[in-house]
Amino acid sequence: MRHIISILIENESGALSRVAGLFSARGYNIQSLTVAPTEDPSLSRMTLVTWGSDEVVDQITKQLNKLIDVVKLIDLADAPHIERELMLVKVTATAPTREEIKRLVDIFRGKIIDVTPLTYVIEMTGSTAKLDAFVLALDNTHIIEVVRSGSIGISRGEKGLHL
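Residues numbered from 1 in each chain as written. Predicted model: local features only at pLDDT ≥ 70, side-chain atom pairs only at ≥ 80, totals over all residues. Heavy atoms only, no water.

(A) Looking closely at the packing of helix 1 (residues 15–25) against helix 2 (residues 54–66). Running from N to C, helix 1 and helix 2 point in directions that differ by 145 degrees, and their axes come no closer than 11 Å. Of the two possible hands of crossing, helix 1 and helix 2 adopt the one that is right-handed. For the pair formed by helix 1 and helix 2, the contact residues are Val-19, Leu-22 and Phe-23 on the first element and Ile-60, Gln-63 and Leu-64 on the second. Residues that form the contact of helix 1 with helix 2 fall into these classes: five nonpolar, one polar and no charged. (Axes fitted to C-alpha atoms, helices over the stretch in contact; angles between N-to-C directions. Helix = DSSP H or I, 4+ residues; strand = E, 2+ residues; numbered from the N terminus. Left-handed = near helix turned anticlockwise from the far one by under 90°. Contact = heavy atoms within 4.5 Å. Nonpolar A, V, L, I, M, F, W, Y, C, P; charged D, E, K, R; others polar.)

Spelled out as structure tokens, the structure:
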């Protein structure tokens, strides 16, 4: 089962390394990882996506809670949540294909954020499935480069990850 673990962690050097080290030492895989400071500059929020049974993820969260840098964590898969990912795609966009690419971007509610005589850079946000579908809809010969942020998530309602 896929789990999205959201972690409040002290914003100090080595904190990310300790979390990644915990996963690699136990042979667990991290599918995606994003980290950024929160409204409190002393804390960062880490969103980590991994796969495993409930027992394996329970063990992971217990081990994470033992790390000194970890302030608090939740598994977003346990409750209703909102999840998004950001993707930038650079494609070749010559005269014959420009309109077709623009239509596709509009259908997927993306934005063309850079235009050159031969390329477009497209910004797309949404679920992982939506971004995968957009890449599949593009003619593979037009794709120059794809950059994805990995998933981020937040719980719905009044419940949140804060001190």
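(B) Inspection of helix 1 at higher detail. For helix 1, the complete set of buried residues consists of Ala-15, Val-19, Leu-22 and Phe-23. Projected onto a plane normal to the axis of helix 1, the buried residues spread over an arc of 95 degrees and lie on a single side. Along helix 1, the residues that are exposed and aim more than 90 degrees away from the buried face are Ser-17, Ser-24 and Ala-25. Considering only its buried residues, helix 1 is in contact with strand 1 (2–10), strand 3 (43–51) and helix 2. Gly-27 lies just past helix 1 and shows a positive phi near 75 degrees. (Buried < 20%, exposed > 50% of the residue type's maximum accessible area, 1.4 Å probe, protein only. Arc of directions from axis to C-beta.)

(C) Inspection of the pattern of salt bridges at higher detail. Scanning the model with the defined rule gives eight salt bridges in all. Glu-83 is the partner of Arg-2 in a salt bridge, and the nearest nitrogen-oxygen pair spans 2.6 Å. Of this pair, Arg-2 sits in strand 1 while Glu-83 sits in strand 5 (residues 81–92), and the two are 81 residues apart along the sequence. With relative accessibility at 24%, the residue Arg-2 sits in the partly exposed group. On the accessibility criterion, Glu-83 (16% relative accessible area) is buried. Residue Asp-58 pairs with Lys-62 through a salt bridge whose shortest N-O separation is 3.4 Å. (Salt bridge = Lys/Arg side-chain N within 4 Å of Asp/Glu carboxyl O.)

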